Amino acid sequence: MTHLQPAEHQPFRLSMLIYDRRYRSLTIQAVVFIAVMLAGAWLVHNTLENLARMGKTFSFSFLWARAGYDIPFSLIPYTATDTHFRALVVGLLNTLLVSFIGCILATIVGVIAGVLRLSNNWLVSKMMTVYVEIFRNVPLLLWILVILAIFTEVMPSPRDYKGDNAAASMILFDSVAPTNRYTAVPRLAMESPPEPLTIAGTPISGTLIAFGGALLAAYLIFRWVRRRATDRQNATGRRPATWWIGLLLFAVPLAALMLLFKVHLIPPKLTGFNFTGGANLDNGFVVLVLALTLYTGAFIAEIVRAGIMSVSRGQSEAAFALGLRARPTMGLVILPQALRVIVPPLISQFLNLTKNSSLAIAVGYPDLRATLGGTTLNQTGREMEAMMLMMGIYLALSLLISAAMNVYNARVRLKER
Amino acid sequence: MSEVHAETVPFVRGTMLPEAPPPAAERGAIHWLRANLFSGWVNTILTFVGLFVLWWLFQHFYPWFRHSVWNASSMAECRTLITERWGEGAGGGCFGLVRERWNQFLFGFYPPAEYWRPISAFWLLFLALAPVLFTESRKLRWIVVGVASVMAFALSMLMGAPDPVLICLAVGIVLWVVLIEYIPRAALIVSVIFPFLAVWLLWGGSIWGPATILAGAVLGLAVWGALSRFGALAVLAGLAVAVLWWWFLSSQAAIDLQRLLPLELPKMESRGFGGFLLAITIGVSAIVMSLPLGIILALARQSDLPIVKGFAVIFIEFIRGVPLITLLFVASLLLNYFLPPGTNFDIILRVIIMVTLFASAYMAEVIRGGLASLPRGQYEAAGALGLNYWKMQRLIILPQALKVSIPGIVGTFIGVFKDTTLVTFVGLFDPLKQLADTIRATFEWKGAYWEPYIFSGLIFFILCFSMSRYSMYLEQRLKRDHR
């Protein structure tokens, strides 16, 4: 046995920066840091020089200037006299609207297609395979252009709906009228809306408060009821039925409020050469939603299929062997495991859909790219600021969605030892 | 046993009965129909809904295809022909457009006399890929190599390539195929050289331009090899030599060599690139360059060095968080701001840079997945063998990680290839929008909406679908390692 001598404390030499592992990582990081910073400084220097040569400054004050252009589709009141900032908000809201509706519809389409692709029915599963492969393997831009062409070239003009033997007829029980300029759909209206409440000087829509409050209250009460039911189940082994309580809790107040405010649908009606009464949805919006839905739906179908297939048959067999019926087997055994596989890629598809909504440029829908990165950029000539702002907003959206995904992932992660 | 009970058994069959056919309901078409289409009321309803949808599609689209006309040179002529043949009010496709303008969809405004160049570059690409992608199955490799060689040569001949070129092409292809089959390592080196050849074929000019740039890389590698015992310093020395060569000597060397031995193709403007030539050029160059970049980014993101990791995370998340369209606008509007005043380079090059950065972020995530899928034991074993970081990555980790990530890499490639159509928004002639609009703007083909979409959509589908099938095939092949 030899006794290990405690390592002698070596004096620091310069060569240790390269050859000693303890210091080498510091050296590498310092070199990388300096290199990246130098490259960054070089880019900033170039940019400043170029801006100076063109006589431009770097400032975001243009956001508060008068925009002076109209936006045909906006969720909040907007006129040409508003600021560029308000135009930006309008564009952002339009992007969010299209992404939100697209995500919901794409999930519905994707789940249906994915489940049908796994069905025993040969014909249907083959048809879904064709749908998925066709949409996945052709660029989204093509689908947008094709659907746009269908709307502008094939759809009738509003006047074709005129007369007793009209060239075109409305679809879905005479409620929707696609035309080559817009799609006329029914609109919800209230005859006696509640007064807006004024809280701390800002008026808040009474409708929002009434319906939001009713839904929230129903949700909280229903949660309490469910917890009571779980307690009962734990104590006695029998779970009292709660679904009818939930139905009543949600349906009755909503129906009462609707009666109170006299909510009704106004179907679109042809007056003269145009539809009035209902809402005339901009075709850019309809085309974009349809294309994004069908394209992303194909990807989601594959995700759903993979998720369901990832749960092995033994799981459902074991559940049946334990005496669970089909519904609890699905809800308690299959779905929780499948969702763990499905949700992360599903959310990244939502992310893709949100980013792809910038293809609104092909249909002329006024999204963030079209207002801030389009007309505002061209009018003010502030490419640098507008592009940076736009990329920052898209980045923030993406990071928010991925943050949500990370929270979910952490919650459902397999608890491994 | 049987002896004891022999007397009590009343009847023992001595021979087999002839096999009876299964009952009528359990065989043939009826059984198949019942099992696959009508196995319950839900299934029956689904079948009828499916049949209805098929019938509806057939009813709406079949007449249009049936009435289509191939031999017309304008929309007006095509419409007259359809009316003549199928009566008043009949609609049909005017695929005469495809017959007349197919070359524009494929090549944009590339001069027709030079079509052989992109064509041979495209088919030679498969020769370059064969040693990498088709190592698993000899038969498949032979099919790919054979088809690519024949197509490269035959199509070049058909497109009127000059005789000396054809001779060079034939000799080159034969040599290359021999290399692929007998000296795979050398074939890999040729694959690395191929991008320079492709650039020369596509853009033309003197061959010595790309050749001297390649020489710089070779020189740098040689210096690195010679000094390899100095570790990291050798890398720096190699890099310095290569940069010095490119900076000071390579352009002059190219000019001198060109004077000594003129080897030149007519120079092409990037503006002439269009259609699928543009899409494939951007897609392939982006993917080829993004692969090494993605590997470096993935390694950086997995490393223990917080600053390096931080930069990699910021870069990857930034690129993945913004739409490609905004990056393309950066390429067309802002890139000139970031570079020294007075720099102004080709828009295609700018777009390729941006798409490369875009693809490399996605590639990095795919490869990171591959790295993460390796068990820790691989790292520990490599460390126990005394390999340093780069040797460990090169010999142990990356070969396995890359193999696992090939399906993902192919998936990224499909995505990037589809996304190349977005270059239309910075004014390049992509096959879907700009070219279709240009053709539609001519007098003859005014109002041709569907034919361009069907034609380019079909080509996209064929290319992307075959790539996705290839990645599925690979997944099947690679599964065997992970049983």
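Residues numbered from 1 in each chain as written. Chains lettered and ligands numbered in written order. Predicted model: local features only at pLDDT ≥ 70, side-chain atom pairs only at ≥ 80, totals over all residues.

Before going further, it helps to examine the overall build of chain B. Looking only at helices and strands, chain B has 19 helices and two strands in total. At 30 Å, chain B has a C-alpha radius of gyration far larger than the 23 Å of a compact globule built from 483 residues. Counting only C-alpha atoms and orienting by the principal axes, one finds that chain B spans roughly 105 × 80 × 50 Å. The burial tally for chain B puts 33% of its 483 residues in the buried class. (Helix = DSSP H or I, 4+ residues; strand = E, 2+ residues; numbered from the N terminus. Rg over C-alpha atoms; globule rule 2.2 N^0.38 Å. Buried ≥ 20, exposed ≤ 12 C-beta atoms within 10 Å, placed from the backbone.)

This brings us to the overall build of chain A. A count of helices and strands for chain A gives 12 helices and nine strands. On C-alpha atoms alone, chain A measures out to a radius of gyration of 29 Å, which is more than a quarter above the 22 Å that the 2.2 N^0.38 rule sets for 417 residues. A principal-axis box enclosing the C-alpha atoms of chain A has dimensions of 105 × 75 × 55 Å. Buried positions account for 26% of the 417 residues belonging to chain A. Looking at chain A alone, contacts between residues at least 24 apart form 63% of all its contacts between residues at least 6 apart. (Contact = placed C-beta atoms within 7 Å.)

Further remarks concern the environment of A364 of chain B. Residue and element names in this part refer to chain B. When you line up the elements, A364 lands in helix α15 (residues 347-373). Residue A364 is classed as buried on the basis of its 27 C-beta neighbours within 10 Å. For the pair formed by A364 and G160, sequence separation is 204 residues and the distance between their alpha carbons is 42 Å. Dropping the residues within four chain positions of it, A364 is found in contact with G294, L297, A298, R301 and I316.

Before going further, it helps to examine the domain arrangement of chain A. Reports of interface size often rely on the accessible area that becomes lost once the parts have come together. Here chain A is partitioned into domain 1 (84-153 + 284-412) and domain 2 (196-263). Domain 1 of chain A and domain 2 of chain A are separated by 30 Å when their C-alpha centres are compared. (Domains from an automatic or database assignment.)

Bringing the sheet that holds strand β9 (residues 279-282) of chain A into the picture now. Hydrogen bonding along the main chain pairs the strands of a sheet, whether they run parallel or antiparallel. Residues and elements named next belong to chain A. In spatial order, the strands read β1-β2-β9; together these three strands make up an open sheet with antiparallel pairing. The sheet is open, and its two borders are formed by β1 (177-178) and β9, each paired with just one other strand. Pairing between β1 and strand β2 (residues 182-185): two bridges, direction antiparallel. Bridge pairing links P178 to T183 in β2. Here helix α8 (residues 283-310) sits on the sheet in contact with β2 and β9, set at roughly 65 degrees to β9. (Pairing = 2+ DSSP bridges. Axes fitted to C-alpha atoms, helices over the stretch in contact; angles between N-to-C directions.)

Opposite the 41 residues of chain B that make contact, chain A presents 46 residues. Residue contributions to the side of chain B that touches chain A peak at eight residues, all from helix α14 (residues 324-338) of chain B.

Among the nonpolar cores identified, the biggest contains 151 residues, and I144 and L288 of chain A together with L328 and V351 of chain B are the most heavily contacted of them. Those residues in contact with I144 of chain A that sit more than four places away from it in its chain are V287, L288, A291, L359, A362 and V363 of chain A. Core analysis: the second largest hydrophobic core is formed by 10 residues, M75, C78, L97 and A448 of chain B among them. (Core = buried A, V, L, I, M, F, W, Y, C linked by C-beta atoms within 7 Å.)

Note that predicted coordinates carrying low pLDDT should not be read in detail. Residues and elements named next belong to chain B. Overall, the predicted model of chain B reaches an average pLDDT of 85, with 97% of residues at or above 70. Considering each helix and strand of chain B separately, the mean pLDDT is smallest for helix α1 (residues 2-5), with a value of 54, and largest for helix α13 (residues 306-321), with 92. Scored by ipTM, the complex comes to 0.86, with pTM at 0.86. (pLDDT = per-residue confidence, 0-100.)

Looking now at helix α10 (residues 326-356) of chain A. What sets the pattern is the α-helix's 3.6 residues per turn: residues three or four places apart point alike. Residue and element names in this part refer to chain A. Spanning 31 residues, α10 covers only 39 Å between terminal C-alpha atoms, well under the ideal 45 Å at 1.5 Å per step. The sharpest bend along α10 comes to roughly 45 degrees, located at L335, with the proline P336 sitting one to four residues further on. Residues I342, L346, Q349, F350, L351, L353, T354, K355 and N356 constitute the buried set of α10. Taken together, the buried residues of α10 touch α3 (84-117), α5 (140-154), α8 and α12 (383-412). (Expected span 1.5 Å × (residues − 1). Bend = angle between axes of the 7 residues up to and from the residue.)

Our focus in this paragraph is helix α4 (residues 122-136) of chain A. Over its 15 residues, α4 of chain A extends 21 Å from the first C-alpha to the last, a length consistent with the 21 Å expected when each residue adds 1.5 Å. Taken as a whole, α4 of chain A has its buried residues at V124, M127, M128, V132 and F135 of chain A. Along the axis of α4 of chain A, the buried residues cluster in a sector spanning 135 degrees; they form a single face. Turning to α4 of chain A, the residues buried within the fold contact α3, α5 and α8 of chain A together with α3 (41-66) of chain B. (Arc of directions from axis to C-beta.)

A separate point is the environment of A168 of chain A. Positionally, A168 of chain A belongs in the loop between α5 and β1. Leave out the neighbours within four places in its chain, and A168 of chain A touches P156, D160 and Y161 of chain A.

As a further point, take the packing of helix α6 (residues 116-133) of chain B against helix α8 (residues 163-182) of chain B. Residue and element names in this part refer to chain B. Axis separation between α6 and α8 bottoms out at 10 Å; the angle between their running directions is 15 degrees. As judged from the angle between their axes, α6 and α8 are roughly parallel. As for how α6 packs across α8, the hand of that crossing is left-handed. Seen from α6, the contacting residues are S120, L127, A130 and P131; seen from α8, they are L169, W176 and I180. Residues belonging to the contact of α6 with α8 are distributed by class as follows: six nonpolar, one polar and no charged. (Parallel < 35°, antiparallel > 145°, perpendicular 65-115°, else oblique. Left-handed = near helix turned anticlockwise from the far one by under 90°. Nonpolar A, V, L, I, M, F, W, Y, C, P; charged D, E, K, R; others polar.)

On to the packing of helix α11 (residues 368-380) of chain A against α12 of chain A, then. Residue and element names in this part refer to chain A. Here α11 crosses α12 at 175 degrees, and the two axes come no closer than 9 Å. Between α11 and α12, the angle is such that the two are roughly antiparallel. Taken together, the residues of α12 that come into contact with α11 (itself represented by L368, R369, L372, G373, T376 and L377) are E383, A386, M387, L389, M390 and I393. Looking at the contact of α11 with α12 residue by residue, the class counts come to eight nonpolar, two polar and two charged.

Note that N120 of chain A resides in the loop between α3 and α4. Residue classification places N120 of chain A among the partly exposed residues on the basis of 14 C-beta atoms within 10 Å. Apart from residues lying up to four places away in sequence, N120 of chain A is in contact with N36, S39 and N43 of chain B.

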